[in-house]
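What follows is the residue order along each chain.
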Amino acid sequence: MIQKERVFNKKKALLLVFICAAVLLVLFFIRWHNNKSNELSTPEGRGEFLASLGWDVDLNSEEGKAVIIPETLDGVMEEYNKMQLEQGMDLSPHCGEKCQQYTYLLKNYPSDNDNVFISMYILDGELIAGDIHTNSVNGFMVGIMPNENTQ
């Protein structure tokens, strides 16, 4: 009597489960990424994103404009990019590209200054840079990502 070889064994079943899990993970990531991109396309979405970082902004104070990232990051822009690198972002791949800058009045920055602003730089629905700053002579500028000094 000739025994038939099993077509579907444990090894193949495990491989099939792994492939299905990988496909689901990729689909989840794509959907998550698309939702992230879409949320930054509206003032409400940007406000929700900033709230997820712990920031409370006045959406009515929004100022938006198109800006072009310089071809080279030197001087002040080099220092600005160092701050971005510290918070996990990098402007250098975007040199020469046009992005949108959105600035809001920040209502909950832990300081006595009432004129603290938060700026976001968005390109293709992705946050590529951000900062918190004041416009005063003795002002400051820090990254958008909260840390122990800002929360």
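For the structure given in this document, a descriptive report is provided here. Everything numeric in this text was worked out from a predicted model, so none of it was measured.

## Concerning the pattern of salt bridges
Reasoning step 1: Taken as a whole, this structure holds three salt bridges when the rule is applied.
Reasoning step 2: Measuring nitrogen to oxygen at the nearest pair gives 2.7 Å for the salt bridge that ties Arg46 to Glu62. Highlighted residues: Arg46 in helix α2 (residues 43–52) and Glu62 in strand β1 (residues 57–68), separated in sequence by 16 residues.
Reasoning step 3: For Glu79, the salt bridge identified is with Lys82, shortest N-O distance 3.3 Å. With Glu79 and Lys82 both in helix α3 (residues 76–86) and three residues apart, this pair spans about one turn of that helix.
Reasoning step 4: Judged by its relative accessible area of 46%, Glu79 falls in the partly exposed class.

## Quick word on the environment of Thr134
Reasoning step 1: The residue Thr134 is located in strand β4 (residues 126–134) in this model.
Reasoning step 2: The buried category is assigned to Thr134, whose relative accessible area is 9%.
Reasoning step 3: For the pair formed by Thr134 and Ile118, sequence separation is 16 residues and the distance between their alpha carbons is 8.8 Å.
Reasoning step 4: Of the polar contacts made by the side chain of Thr134, one reaches the backbone nitrogen of Phe140; its length is 3.2 Å.

## Section: unusual backbone geometry
Reasoning step 1: Positive phi is not limited to glycine here, since Asp124 has a value of about 55°.
Reasoning step 2: Summarising the element assignment, Asp124 is placed in the loop between β3 (116–123) and β4.
Reasoning step 3: With a relative accessible area of 72%, Asp124 lands in the exposed category.

## A few points about α3
Reasoning step 1: Burial in α3 covers these residues: Tyr80, Asn81, Met83 and Gln84. Buried residues of α3, seen end-on, are gathered within an arc of 150° and therefore sit on one face of the element.
Reasoning step 2: On its buried face, α3 sits against β3, β4 and β5 (141–143).

## Looking at the nonpolar core
Reasoning step 1: Counting residues in each nonpolar core, the largest one holds 18 residues, and the members touching the most others are Leu50, Trp55, Leu106, Ile118 and Met120.
Reasoning step 2: Mapped by element, the contributors of at least two residues to this core are α2, β2 (98–106), β3 and β4.

## Describing the sheet that holds β3
Reasoning step 1: Strand order in the open sheet formed by five strands is β1-β2-β3-β4-β5, with antiparallel pairing between adjacent strands. Single-partner strands in this sheet number two, and they are β1 and β5. Going across the sheet, the axis of each strand differs from the next one's by a mean of 25°, ignoring polarity.
Reasoning step 2: Note that β1 and β2 share eight bridges and pair antiparallel. Counterpart to Ile68 in the pairing with β2 is Lys98.
Reasoning step 3: Across the face of the sheet, α2 comes into contact with β1, β2, β3 and β4 while running at roughly 105° to β1.
Reasoning step 4: Sitting on the sheet, α3 touches β3, β4 and β5, and the angle it makes with β4 is about 110°.

Rules used in this analysis
Residues numbered from 1 in each chain as written. Predicted model: local features only at pLDDT ≥ 70, side-chain atom pairs only at ≥ 80, totals over all residues. Heavy atoms only, no water. Salt bridge = Lys/Arg side-chain N within 4 Å of Asp/Glu carboxyl O. Helix = DSSP H or I, 4+ residues; strand = E, 2+ residues; numbered from the N terminus. Buried < 20%, exposed > 50% of the residue type's maximum accessible area, 1.4 Å probe, protein only. Polar contact = N/O pair within 3.5 Å; in protein donor to acceptor, adjacent residues only side chain to side chain. Arc of directions from axis to C-beta. Contact = heavy atoms within 4.5 Å. Core = buried A, V, L, I, M, F, W, Y, C linked by side-chain atoms within 4.5 Å. Pairing = 2+ DSSP bridges. Axes fitted to C-alpha atoms, helices over the stretch in contact; angles between N-to-C directions.

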